[in-house]
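Residues per chain, in single letters:
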Amino acid sequence: MSTPDDLRTPAAAPDREAAAVMWAAYAAAYPEAVAACPDHTVEHFGDSARLADELLGLVLAGRKRATAELVADFVARGDGLPRIGSHWIACDGAGRPRAVLRTTELRVGPFTSADAAFAADEGEDDLSLESWQREHRRYWTRVSAARGAAWSEEQEIVFERFTVAWPPEAANHPA
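Calculation notes
- Residues numbered from 1 in each chain as written.
- Predicted model: local features only at pLDDT ≥ 70, side-chain atom pairs only at ≥ 80, totals over all residues.
- Heavy atoms only, no water.
- 1 Å grid on protein atoms, 1.4 Å probe; cavity = no way out; pocket = protein on both sides within 12 Å on 5 of 7 lines; lining within 4 Å.
- Points joined across faces, edges and corners; volume = space filled by probe spheres on them.
- Helix = DSSP H or I, 4+ residues; strand = E, 2+ residues; numbered from the N terminus.
- Nonpolar A, V, L, I, M, F, W, Y, C, P; charged D, E, K, R; others polar.
- Pairing = 2+ DSSP bridges.
- Axes fitted to C-alpha atoms, helices over the stretch in contact; angles between N-to-C directions.
- Contact = heavy atoms within 4.5 Å.
- Expected span 1.5 Å × (residues − 1).
- Buried < 20%, exposed > 50% of the residue type's maximum accessible area, 1.4 Å probe, protein only.
- Arc of directions from axis to C-beta.

Caption draft 1: Spotlight on the layout of surface pockets. The computed volume of the largest pocket comes to approximately 1,200 Å³. Surrounding the largest pocket, 45 residues form its lining, E43, H44, G46, E69 and Y139 being those nearest its centre. When residues in the lining of the largest pocket are grouped by element, the largest group, seven residues, is from helix α6 (residues 129-146). When grouped by side-chain class, the residues that make up the lining of the largest pocket number 17 nonpolar, ten polar and 18 charged.

Caption draft 2: Local environment of the sheet that holds strand β2 (residues 66-70). Here we have five strands laid out as an open sheet, ordered β1-β3-β4-β5-β2, and mixed in their pairing. A strand with exactly one partner marks an edge of an open sheet, and here the two such strands are β1 (40-44) and β2. When the angles between neighbouring strand axes are averaged without regard to direction, this sheet yields 40°. Two elements, β2 and strand β5 (residues 157-166), share five bridges in a ladder whose sense is antiparallel. Across the sheet, A66 pairs through a bridge with R161, a residue of β5. Together, β1, β3 (87-91), β4 (97-109) and β5 form the strand contacts of helix α1 (residues 16-29), whose direction differs from that of β4 by roughly 80°. Sitting on the sheet, helix α3 (residues 49-60) touches β1, β3, β4 and β5, and the angle it makes with β4 is about 90°.

Caption draft 3: Layout of α1. The end-to-end C-alpha distance of α1, which contains 14 residues, comes to 20 Å, matching closely the 20 Å that a straight helix rising 1.5 Å per residue would cover. Taken residue by residue, α1 has A19, M22, W23 and Y26 as its buried positions. One face of α1 carries all of its buried residues, which in axial projection span an arc of 100°. Set apart from the buried face of α1 by more than 90 degrees, the exposed residues are E17, V21 and A28. Of the surrounding elements, those touching the buried residues of α1 are α2 (31-36), β1, β3, β4 and β5.

Rendered as structure tokens:
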């Protein structure tokens, strides 16, 4: 996993021009999916370039098919929560768009509601619930502090499962 020094280098801002090109290619290939849910976000995993690259690598390798984020982080950014069928363009730590992801399952709940199946679907570390809990406690404590807040296990978390919809060579099934 990342060292503390690796976590100090923020991910670059997403290349929105390149993301627009990727979105246009996806929309041309899957017009019905885009018509059903035309909005998309452009973002990266994690809070550092290194973490963005590590987690995106797991997605592109087919190991990571879930993610979790604090509702408070969506609110702090002024973003609405995702919905089933929504899309997001995942960027690497340098801000380059690498994949279009599509939300397939959503649930909001507290930290304690995560289970072993979800931890395994997140595809990180040793895939265990114990490592998921340990690493997410660290992560949410860090990102909450960065926005001037304290994290607690009672806060609402968005538990999201997704599929890779684009590019075709990385997609695990059609949109």
